[in-house]
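Secondary and tertiary structure notes
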Amino acid sequence: MLNKIIITAVFIISVVLPLNSQAQETVRLAVGEWQPYITEKVEGKGLLSQIVSAAYKEVGVKVEYHFFSWKRAMFYVEKGSYDGSIGWVKSTEREKRVDYSDPIGETASVFFHLKTLPFHWDDSDDLQGYDISATYGYYELEKLRGLVEPGKDYRIQSHNTELDSLKLLLNKRADLFLCSRAVGLSLLRSNFTPAQAALVTYHPQPFFTDDVHAIFNKQSAKSQRLKELLNTGLQVIRDNGKFDALIKNYIENSKSEKLGDLSAVFNSYFSRTFTSK
């Protein structure tokens, strides 16, 4: 009888422990500041972080966000020190180094400029002769550098942060600054006086619009499994309405003093619902 009890107890433990362990699994994401989508400045760590956390919650995974420079975040994912990262646009070069999740949302990058500059552009040739700033390591810089060819007058400069570029713009040391629309507006409203922010505008035509993804280590079996769990969770929150509810709630709460009133931007941001590819 005692043997039977012991065998039953062992069986229960062998079943319950893996389930418990799976429910407590944690994904460690290396990220950088990309206010207002990913930021340490607000509860929930930004809109993109809230979407990813909600998706992982549906599949029983906790999320930890660890903040670094974006260059170091990519390095840690490639090395396998962290499971993944979020907030990345696909590029040919990056696809050789990491794997991508299904789309989480989309971003539009536009040219910011002083209102005193009569700037208009229809195609890339119209950008010649302007001093254009972009952030080092960002996809915007890669896209701009793709324009460069002999005989063309493209003047491209890179800087460590978006804030650096905005300061250059205000000091008239750059003509244009290519940046995510919501990121640029958020930084203007949270780092400058209203009078300074009022000096800057942006051209409504995006230089590009692209999907935003999470990235994962190519070799790690755990990272690959966490990628598939994220894809599953994203589909669940799109189907059950939590995805749309998160965005609507973020729009309502985007009038905080820390990030500035971005409700007009968010009303158009993430306007389409993605399906798994």
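These numbers were taken from a predicted model, which means no experiment stands behind them.

Looking along a regular strand, one sees the side chains alternate between the two faces of the sheet. Among the ten residues of strand E5 (residues 105–114), ten are classified as buried, and the element is accordingly described as predominantly covered. The side-chain alternation of E5 yields two buried faces, one formed by Gly105, Thr107, Ser109, Phe111 and His113 and the other by Glu106, Ala108, Val110, Phe112 and Leu114. Alignment of E5 against strand E10 (residues 208–217), held across five bridges, turns out to be antiparallel. Its bridge partner lying in E10, Ser109 is registered against Phe208. Pairing of E5 with strand E8 (residues 176–180) involves four bridges; the strand directions are antiparallel. Each bridged residue has a counterpart across the sheet, and for Val110 the counterpart in E8 is Cys179. Bridge analysis of E5 against strand E9 (residues 200–202) gives three bridges, and the strand direction is antiparallel. Paired with Leu114 across the bridge in E9 is Val200.

So, about the packing of aromatic side chains. What characterises a pair of aromatic rings is the spacing of the ring centres plus the angle enclosed by the ring planes. Per the stated rule, a full pass over the model turns up 15 aromatic pairs. Measuring from ring centre to ring centre gives 6.3 Å for Phe112 and Phe177, while their planes differ by 35°; the resulting arrangement is tilted. Taken together, the residues Phe112 in strand E5 and Phe177 in strand E8 connect sequence positions 65 residues apart. Each member of the pair, Phe112 as well as Phe177, is classed as buried.

Next up on the list: helix H9 (residues 221–239). Over its 19 residues, H9 extends 27 Å from the first C-alpha to the last, a length consistent with the 27 Å expected when each residue adds 1.5 Å. Restricting attention to buried positions, one finds in H9 the residues Ser223, Leu226, Lys227, Leu229, Leu230, Asn231, Gly233, Leu234, Ile237 and Arg238. Where H9 is buried, its residues meet strand E1 (26–31), helix H2 (47–58), strand E4 (98–100), E10 and helix H10 (242–252). Near the N-terminus of H9, the side chain that reaches the backbone nitrogen of Lys222, with its oxygen 3.3 Å away, is that of Ser220.

We now examine empty space enclosed by the protein. Tallying each qualifying case throughout the model produces two cavities of 30 Å³ or more. Empty space within the largest cavity amounts to approximately 190 Å³. In terms of lining residues, the largest cavity is bounded by 13 residues, among which Trp34, Gly87, Tyr138, Tyr139 and Glu140 are the most central. Of all the elements in the fold, those that place two or more residues in the lining of the largest cavity are strand E3 (84–88), E5 and helix H5 (139–145). Classifying every residue of the lining of the largest cavity gives seven nonpolar, four polar and two charged. The computed volume of the second largest cavity comes to approximately 40 Å³.

Conventions adopted
- Residues numbered from 1 in each chain as written.
- Predicted model: local features only at pLDDT ≥ 70, side-chain atom pairs only at ≥ 80, totals over all residues.
- Heavy atoms only, no water.
- Buried < 20%, exposed > 50% of the residue type's maximum accessible area, 1.4 Å probe, protein only.
- Helix = DSSP H or I, 4+ residues; strand = E, 2+ residues; numbered from the N terminus.
- Pairing = 2+ DSSP bridges.
- Phe/Tyr/Trp six-rings, centres within 6.5 Å; stacked < 30°, edge-to-face > 60°.
- Expected span 1.5 Å × (residues − 1).
- Contact = heavy atoms within 4.5 Å.
- Polar contact = N/O pair within 3.5 Å; in protein donor to acceptor, adjacent residues only side chain to side chain.
- 1 Å grid on protein atoms, 1.4 Å probe; cavity = no way out; pocket = protein on both sides within 12 Å on 5 of 7 lines; lining within 4 Å.
- Points joined across faces, edges and corners; volume = space filled by probe spheres on them.
- Nonpolar A, V, L, I, M, F, W, Y, C, P; charged D, E, K, R; others polar.

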